[in-house]
Amino acid sequence: MFISVANRKGGVGKTTIAFHLIHLLKEKGKVLAVDLDSQANLSALFTDKLGDVEELLLSNQIKPQSVDHSIDLLAGSHELDFIQYERSDLKRISRALEEVKSRYDYIVVDTPPELSVPVLASLKSSDLIIVPVSTSFFSLQFIGYIRDRLLSEKEEIVIKLIINCYRNINAVKEIEEEVRRSSLSYEIIPNRILFERALREKKPVWELRVPKRDRGLTEEIRGKLSSLIGVRGG
């Protein structure tokens, strides 16, 4: 399964969701994590060695580093902003991503908030696109693009949403109404504070040591993510 975590809007929790999906899926099989963001935040949660993804983008070479017994990583690079792409590079990078699918049970791609050639290649290669949205209505605009552009070319791509990065329950209700109109599957992920702590400790929320009152919440998050990608949790 090839999963892209994407939204043109920044600050909606793409890296957080990708990190947790990687840890969830490593229990089910071999995972390749791909960091296409020049900030390389996902990579920093696993390693200090950056730059693996440049070889993929420039020369189709896929040489990941092993960061866990079940996780390989193509780490991001601060140099990605300076790579210039031609239109023909879209097919070239898409082919390279398609070819690597057979080597892994799961591929999870963390994308930057843009529609660059590498991001488009990842979206076109996807079986599932997870779109994290916040309580800002601007974060929903990306859904229309995917439907208009991608689904017309590849109808089998599945799109699902995560309502994330919120503190105000009333704002969530408003954005949920908009999400329902899209007719797409979605989950609401609670408690941003737990996610912030998870990233600081470089662990998924269900591996954190939390008070007894929060244990049910960590398993709820795990269960919702499992449901979203269609795997059994635990």
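Higher on the page you've got the structure.
Everything numeric here is computed off the predicted structure, so don't read it as measured data. (Residues numbered from 1 in each chain as written. Predicted model: local features only at pLDDT ≥ 70, side-chain atom pairs only at ≥ 80, totals over all residues. Heavy atoms only, no water.)

Undergrad: I'd like to hear about the side chain of D72, residue by residue, with values.
TA: Along the chain, D72 turns up in strand 4 (residues 71–74). A polar side-chain atom of D72 sits 2.7 Å from a polar atom in the side chain of Y104. Beyond its immediate sequence surroundings of up to four residues, D72 is in contact with K30, V31, L32, A33, P64, Q65, S66 and Y104. (Helix = DSSP H or I, 4+ residues; strand = E, 2+ residues; numbered from the N terminus. Polar contact = N/O pair within 3.5 Å; in protein donor to acceptor, adjacent residues only side chain to side chain. Contact = heavy atoms within 4.5 Å.)

Undergrad: Can you tell me about the environment of A18, naming the residues and giving the values?
TA: The residue A18 is located in helix 1 (residues 14–25) in this model. Overall, the relative accessible area of 0% leaves A18 in the buried class. Between the C-alpha atoms of A18 and V109, which are 91 residues apart in sequence, the distance is 7.1 Å. Sequence-distant contacts of A18, that is, excluding residues within four places in its chain, are made with V5, V108 and D110. (Buried < 20%, exposed > 50% of the residue type's maximum accessible area, 1.4 Å probe, protein only.)

Undergrad: Describe empty space enclosed by the protein, with residues and values.
TA: Overall, the coordinates contain 1 cavity of 30 Å³ or more when judged by the stated rule. The volume enclosed by the largest cavity comes to roughly 30 Å³. Around the largest cavity sit V34, L36, L56, L57, I93, L97, V109, P118 and S122, which together line it. Within the residue set of the lining of the largest cavity, elements represented by two or more residues are helix 3 (52–59), helix 4 (89–100) and helix 5 (117–125). (1 Å grid on protein atoms, 1.4 Å probe; cavity = no way out; pocket = protein on both sides within 12 Å on 5 of 7 lines; lining within 4 Å. Points joined across faces, edges and corners; volume = space filled by probe spheres on them.)

That is the geometry; function is a separate question.
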